[in-house]
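Take a look at the letters that make up each chain.
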Amino acid sequence: MTSMLQVAHTVLAVIAVGTNLSFPIWTRLAEREGASLVFTLRAVRWVDRWVTIPAYLLTAVSGIALVVVERVDPLAIWIAGSTVLFVVLMGLGFVLYRPVSRLRLAAAARGPADPAYRRSSRRADALDAAILGAALAILALMVLRPA
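Conventions we followed
Residues numbered from 1 in each chain as written. Predicted model: local features only at pLDDT ≥ 70, side-chain atom pairs only at ≥ 80, totals over all residues. Heavy atoms only, no water. Salt bridge = Lys/Arg side-chain N within 4 Å of Asp/Glu carboxyl O. Helix = DSSP H or I, 4+ residues; strand = E, 2+ residues; numbered from the N terminus. Buried < 20%, exposed > 50% of the residue type's maximum accessible area, 1.4 Å probe, protein only. Patch = residues over 30% accessible without salt bridge, like charges linked within 9 Å, V, L, I, M, F, W, Y side chains within 5 Å. Areas by Shrake-Rupley, 256 points an atom, 1.4 Å probe, with all protein chains shown as cover. Lys, Arg positive; Asp, Glu negative; His and termini not counted. Charge placed at Lys NZ, Arg CZ, Asp CG, Glu CD. 1 Å grid on protein atoms, 1.4 Å probe; cavity = no way out; pocket = protein on both sides within 12 Å on 5 of 7 lines; lining within 4 Å. Points joined across faces, edges and corners; volume = space filled by probe spheres on them. Nonpolar A, V, L, I, M, F, W, Y, C, P; charged D, E, K, R; others polar. Expected span 1.5 Å × (residues − 1). Contact = heavy atoms within 4.5 Å. Polar contact = N/O pair within 3.5 Å; in protein donor to acceptor, adjacent residues only side chain to side chain. Core = buried A, V, L, I, M, F, W, Y, C linked by side-chain atoms within 4.5 Å.

Engineer: A description of the pattern of salt bridges should follow, citing residues and the corresponding values.
Structural biologist: In a structure, side chains of opposite charge can pair up when their charged atoms sit close to one another. Scanning the model with the defined rule gives three salt bridges in all. For the salt bridge of R28 with D125, the shortest nitrogen-to-oxygen distance reads 2.3 Å. Linking R28 in helix α1 (residues 2-33) with D125 in helix α4 (residues 115-144), this pair joins segments that are 97 residues apart in sequence. Its relative accessible area of 27% is what places R28 among the partly exposed residues. Take D125: its relative accessible area is 29%, and that puts it in the partly exposed class. Linked through salt bridges whose partners overlap, the residues forming this network are R28, E31 and D125.

So, in structure tokens, the structure goes:
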């Protein structure tokens, strides 16, 4: 059972972080193209809502299950640190990123040169970097397991 949980936890983390890493790439490519910008932003939002966020949440659930099954101290620095970073990551996503994403999508119809689009895109980029930074820090803690 532990092995299956570990595999599920790892695969879910790869899906969550991998899709999250791809969003800025798809957005930049669509900004260059222009005509596909609105479609791409809608597609990114759909993947985020139906793939990335559930993968992050299921990663957390499988992680909690592993802590219980393997009797890992939940106060171990790598578990506690990852938990704090996960709360930050999800908070940034739900509280700050979602409204910026809506603004960027609304402004995208006017094209990537539109001032409102550029403003919301800069905010989204900064939040993307913070979210990805938190996710990569969690991965580092999970792999390195510092004492």
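Engineer: Before we move on, could you go through a positive patch on the surface and cite the residues and values that matter?
Structural biologist: Among the surface-exposed residues, R118, R119, R122 and R123 lie close enough to one another that they form a single positively charged patch. Within the element layout of this structure, R118 appears in helix α4. Note on R118: relative accessible area 46%, which makes it partly exposed.

Engineer: Can you explain the layout of surface pockets? Please cite residues and give values.
Structural biologist: Computed from the structure, the largest pocket encloses a volume of approximately 700 Å³. Along the wall of the largest pocket there are 27 residues; nearest its centre are H9, T59, G63, I138 and M142. Sorting the residues of the lining of the largest pocket by element identifies α1, α2 (37-69), α3 (77-108) and α4 as the ones contributing at least two each. When grouped by side-chain class, the residues that make up the lining of the largest pocket number 18 nonpolar, seven polar and two charged. The calculated volume of the second largest pocket comes to roughly 380 Å³. As for the second largest pocket, its lining consists of 21 residues, and the residues nearest its centre are D48, I53, G93, Y97 and R98. If you list the elements that add at least two residues to the lining of the second largest pocket, you get α1, α2, α3 and α4. The residue inventory of the lining of the second largest pocket, partitioned by class, reads 10 nonpolar, four polar and seven charged.

Engineer: Quick one: what's the story with α4, residue by residue and with numbers?
Structural biologist: A rise of 1.5 Å per residue sets the reference length of α4, with its 30 residues, at 44 Å; its end C-alpha atoms lie 43 Å apart and thus fit the reference within 8%. Along α4, the residues classified as buried are Y117, S120, S121, A124, L127, D128, I131, L132, A134, A135, I138 and L141. Structurally, α4 contributes buried residues whose contacts are with α1, α2 and α3. The residue sitting at the N-terminus of α4 and contributing the capping side-chain oxygen is D114; that oxygen lies 3.1 Å from the backbone nitrogen of A116. Just downstream of α4 lies R145, where phi reads positive at about 45°.

Engineer: With reference to specific residues and values, describe the nonpolar core.
Structural biologist: One finds Y56 and L89 to be the most contacted residues of the largest nonpolar core, which totals 17 residues. Of all the secondary structure elements, the ones that give two or more residues to this core are α1, α2, α3 and α4. Ignoring anything within four residues of it in the chain, the contact list for Y56 reads A16, V17, N20, F86, L89, M90 and A135. By size, the runner-up hydrophobic cluster in this structure holds seven residues, among which are A30, L37, L41 and Y117.

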